[in-house]
Amino acid sequence: MSDPLASWSTFALAILSFVAVGISYWGIRRQTESLATSVSADLCLKLIDRFDGAPMLATRGLAARALLNKSNLAQADDLFDFFELVGLYVRRNMLDVEVAHSMFFHWINLYWHAGKDYIVRSRQRSTEIYSEFEGLYKRVLAVEMRDAPKSRDINPTEADVEAFLKQELNQ
């Protein structure tokens, strides 16, 4: 016959072990979330530095000129590649969509509108070209529509896009 005190002690020890595992799991999960947030913030700062740096400002100017003149549109490829990369980071949850929206919505939205005809034509050669950029555009647009449903940026006019591109030329 077993000792009832030993049985209860074993049961209590098992419960305490289960609670300790739960607390450890919760702590590790919180640390992982904190690390992911930190990495996302660091990535965002690096992307902003790159986007606002002299080489990308020159790239943005070339893209704006090409899109305004509707010629040499391949000069927009490097800029669209940047947004393609941001879109990949958002899709892979390496960069929070709300952070991407906050930092880049203005440019994503207007460059998407300025370049979508070119992108559609480019997809005749390769169906997946700029799919991450398109996904990014749709995700940040959804944030804009949720947070500011009356935003004039949701449906920019051709004049808005043209004024934006001219402003980009002067960066």
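Right above here is the structure, for reference.
The rules behind these values
Residues numbered from 1 in each chain as written. Predicted model: local features only at pLDDT ≥ 70, side-chain atom pairs only at ≥ 80, totals over all residues. Heavy atoms only, no water. Buried < 20%, exposed > 50% of the residue type's maximum accessible area, 1.4 Å probe, protein only. Helix = DSSP H or I, 4+ residues; strand = E, 2+ residues; numbered from the N terminus. Expected span 1.5 Å × (residues − 1). Axes fitted to C-alpha atoms, helices over the stretch in contact; angles between N-to-C directions. Left-handed = near helix turned anticlockwise from the far one by under 90°. Contact = heavy atoms within 4.5 Å. Nonpolar A, V, L, I, M, F, W, Y, C, P; charged D, E, K, R; others polar. 1 Å grid on protein atoms, 1.4 Å probe; cavity = no way out; pocket = protein on both sides within 12 Å on 5 of 7 lines; lining within 4 Å. Points joined across faces, edges and corners; volume = space filled by probe spheres on them.

(A) Quick look at unusual backbone geometry. Its identity as a non-glycine residue notwithstanding, Lys-70 has a phi of 55 degrees, on the positive side. Classification of Lys-70 as exposed rests on a relative accessible area of 66%. Phi is positive for Asn-72, which is not a glycine, with a value near 50 degrees. Residue Asn-72 is classed as exposed on the basis of its relative accessible area, which comes to 56%.

(B) Molecular detail of helix H2 (residues 54-69). Its 16 residues give H2 an end-to-end C-alpha distance of 23 Å, which sits within 8% of 22 Å, the value for a rise of 1.5 Å per residue. Met-56, Thr-59, Arg-60, Gly-61, Ala-63, Ala-64, Ala-66 and Leu-67 are the residues of H2 that are buried. With its phi angle positive at about 55 degrees, Lys-70 sits one or two positions after the end of H2.

(C) Region of the structure containing the packing of H2 against helix H4 (residues 97-122). At a minimum axis distance of 10 Å, the contact between H2 and H4 shows a crossing angle of 40 degrees. When the axes of H2 and H4 are compared, the crossing they make is left-handed. Residue-level inspection shows Arg-60, Ala-63, Ala-64 and Leu-67 of H2 in contact with H4, the latter providing Trp-107, Tyr-111, Ala-114 and Gly-115. When grouped by side-chain class, the residues that make up the contact of H2 with H4 number 6 nonpolar, 1 polar and 1 charged.

(D) View of the environment of Leu-57. Mapped onto the fold, Leu-57 is located in helix H2. Considering only alpha carbons, one finds Leu-57 and Arg-139, 82 residues apart in sequence, at a separation of 24 Å. Look past the residues within four positions of Leu-57 in its chain and what remains in contact with it is Phe-51, Asp-52 and Gln-171.

(E) Looking closely at helix H3 (residues 77-91). With 15 residues, H3 should reach 21 Å at 1.5 Å per residue; the first-to-last C-alpha distance of 20 Å fits that figure. For H3, every residue scored as buried is listed here: Leu-79, Phe-80, Phe-82, Phe-83, Glu-84, Val-86, Gly-87, Tyr-89 and Val-90. Of the residues trailing H3, Asn-93 is marked for its positive phi of about 60 degrees.

(F) Spotlight on the layout of surface pockets. Computed from the structure, the largest pocket encloses a volume of approximately 420 Å³. Lining the largest pocket are 18 residues, with Leu-67, Lys-70, His-113, Ala-114 and Val-161 positioned closest to its centre. Broken down by secondary-structure element, the contributors of at least two residues to the lining of the largest pocket are H2, H4 and helix H6 (158-169). The biggest single contributor to the lining of the largest pocket is H4, with 7 residues. Residue composition of the lining of the largest pocket, by class: 9 nonpolar, 3 polar and 6 charged.

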